[in-house]
Amino acid sequence: MRLSVIGCGYLGAVHAAAMASIGHEVVGIDVDERKVASLSKGEAPFFEPGLQEILTEGIASGRLSFTTDMSAAQGAKVHFIGVGTPQQPGGYAADLTYVHAAVDGLLPYLSEGDIVAGKSTVPVGTAESLAPRVSDRGATLVWNPEFLREGWAVQDTIDPDRLVAGVPSTDGGPTEEGARTAGVLREVYHPSIAKGTPFIVTDYATAELVKVSANAFLATKISFINAMAEIAEVTGADVTTLADAIGHDARIGRRFLGAGIGFGGGCLPKDIRAFSARAEELGRGESVAFLREIDAINLRRRDRAVDLTVQALGGSVFEKKVTVLGAAFKPHSDDIRDSPALDVAVRLHGLGADVTLTDPAAIENARRIHPQLTYVEDRDEALRDADAVIVVTEWDEYRRDLDPAHAAALTAGHIVVDGRNCLDAAAWRAAGWTYYGMGRP
Ligand code: UDX
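Residues numbered from 1 in each chain as written. Predicted model: local features only at pLDDT ≥ 70, side-chain atom pairs only at ≥ 80, totals over all residues. Heavy atoms only, no water.

### Remarks on the pattern of salt bridges
Okay, step 1: Enumeration over the complete set of coordinates arrives at 30 salt bridges.
Okay, step 2: Of the charged contacts in the structure, one is a salt bridge between Glu146 and Lys119, with a shortest N-O distance of 3.5 Å. Residue Glu146 is found in the loop between strand 6 (140-143) and helix 6 (153-158), and its partner Lys119 is found in the loop between strand 5 (115-118) and helix 5 (126-135); the two are separated by 27 residues along the sequence.
Okay, step 3: Classification of Lys119 as buried rests on a relative accessible area of 2%.
Okay, step 4: For Asp244, the salt bridge goes to Arg254, with nearest N and O atoms at 2.7 Å. Of the two residues, Asp244 is situated in helix 10 (residues 239-247) and Arg254 in the loop between helix 10 and helix 11 (268-281); the sequence distance between them amounts to 10 residues.
Okay, step 5: Residue Asp244 is classed as partly exposed on the basis of its relative accessible area of 39%.
Okay, step 6: On the basis of relative accessibility, which here comes to 33%, the residue Arg254 falls in the partly exposed class. (Salt bridge = Lys/Arg side-chain N within 4 Å of Asp/Glu carboxyl O. Helix = DSSP H or I, 4+ residues; strand = E, 2+ residues; numbered from the N terminus. Buried < 20%, exposed > 50% of the residue type's maximum accessible area, 1.4 Å probe, protein only.)

### Side note on the site of the ligand
Okay, step 1: Surrounding the ligand, one finds 20 residues, the nearest of these being Phe147, Leu148, Glu150, Gly258 and Lys330.
Okay, step 2: Measuring from an oxygen atom of the ligand, one finds a backbone N or O atom of Glu150 at 2.7 Å.
Okay, step 3: Within the backbone of Leu257, an N or O atom sits 3.5 Å from an oxygen atom of the ligand.
Okay, step 4: In isolation the ligand exposes 670 Å². Once the protein is present, 90% of that is buried.
Okay, step 5: The element that contributes the greatest number of residues to the shell around the ligand is helix 9 (residues 204-235), accounting for four residues.
Okay, step 6: Its residues placed into classes, the shell around the ligand shows 10 nonpolar, four polar and six charged.
Okay, step 7: If you count residues domain by domain, the shell around the ligand takes at least three from each of domain 1 (2-202) and domain 2 (210-441). (Near = heavy atom within 4 Å. Polar contact = N/O pair within 3.5 Å; in protein donor to acceptor, adjacent residues only side chain to side chain. Areas by Shrake-Rupley, 256 points an atom, 1.4 Å probe, with all protein chains shown as cover. Nonpolar A, V, L, I, M, F, W, Y, C, P; charged D, E, K, R; others polar. Domains from an automatic or database assignment.)

### Description of the packing of aromatic side chains
Okay, step 1: In total, this model carries four aromatic pairs according to the counting rule given.
Okay, step 2: Its guanidinium or amino end placed over the ring of Phe147, Arg162 lies 3.6 Å from that ring's centre, counting from NZ or CZ. (Phe/Tyr/Trp six-rings, centres within 6.5 Å; stacked < 30°, edge-to-face > 60°. Lys NZ or Arg CZ within 6 Å of the ring centre and 35° of its normal.)

### A few points about the domain arrangement of the protein
Okay, step 1: Per the domain assignment, the segments making up the protein are domain 1 (2-202) and domain 2 (210-441).
Okay, step 2: For domain 1 versus domain 2, the distance between C-alpha centres works out to 32 Å.
Okay, step 3: Each partner contributes residues to the interface: domain 1 has 23 residues there, and domain 2 has 24 residues.
Okay, step 4: Between domain 1 and domain 2 the total buried area reaches about 1900 Å² when both faces are included, carbon and sulfur atoms providing 58% of it. (Contact = heavy atoms within 4.5 Å. Buried area = accessible area lost by both parts, 1.4 Å probe.)

Quick look at the structure:
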């Protein structure tokens, strides 16, 4: 099928390449000329495992192209909208400027019977308000939220754990047009649906809410365990053992119970805030008032990691050499948007520490935003002569591959703060380190 994808960021670029990889003919459209130039050459403009391969393949096959020219969308049957919905400056609500610009830019190129499929995360009610503009052109709007995780984006796009389509509906279910549209989306995603991926057809509001409520739930799970870490800290309990133990209950589950410096990235933080803002507009602020607490717990954990480092260094980090392992908001990504890792590094620098930061993928991005820090590509070089080491992104390079005895030989002091509870505490202690975890004795 011929498809267009408007917006070629972390979501859109992966979606375009993934759709080409399953046999569609895809044009990706973005206003950013540099991004389009790089994608057109088959070069991934950001780090995402597997993206490079499917980009190269797609371009070589002739099924995948990129342009800044919106008219290239003409002739596609389904037009995906994958632009960003950042937090508004000075407020909690989502900024829908890019969504409106994408839809308005696309309108002149729509043909009768086309489908516009919104993938961006938007406040509930957005699709309802956009739909008339699309139907005036004889096309249909569907909301098809994206659940991909960075670092696993290619796999999550080709093989998602569920697909959701919000289509024009009445109280009795999808309208005829809605049912037809859902049928076309089924064709788009045929390879994955044929493998048994659940395909849920619903109304606009439910589809939009599925996405924000999923992210709210995940954020809640992380802040729950981080709240338990705070209690563990005043009682001498170990939150990682606690998480293992409660995680054995299948109703709870161990995933997303990783206590540490908390969640960040381009989605969870801004999505829970936008959800609060939207609930307030709807007169239901109290229903998700707990999300404010989730946010507050999350941010406190960054303070805790900074405090632990200060305490570990005897009350001040001033002029102390602190090596920060990690900058990305999570491993397998170069994304530093709202990264707790980078935030901790910047705060330590603000307290006068001589911060050296390393990361396998995110140095370039971090340097652009925070040129005041010292960046070193090589992990061992970064560790040299450190008074303290703090792990803030649980890359395999630190979690699995860094031998504590080897690290001890490189550094001046033997203090390690494990901001992600990802190190083997016993092994580090045995190698002579004073180990500090998050919510661990
Ligand atoms: C998230 C959702 O998982 C995804 O479904 C949605 O489409 C977009 O938002 P992503 O932002 O890629 O995906 O990251 P995710 O894996 O959810 O991690 C978010 C943050 O939570 C990271 O900073 C991570 O380090 C942190 N985290 C995750 C924890 O602190 N503890 C955990 O147990 C899990």
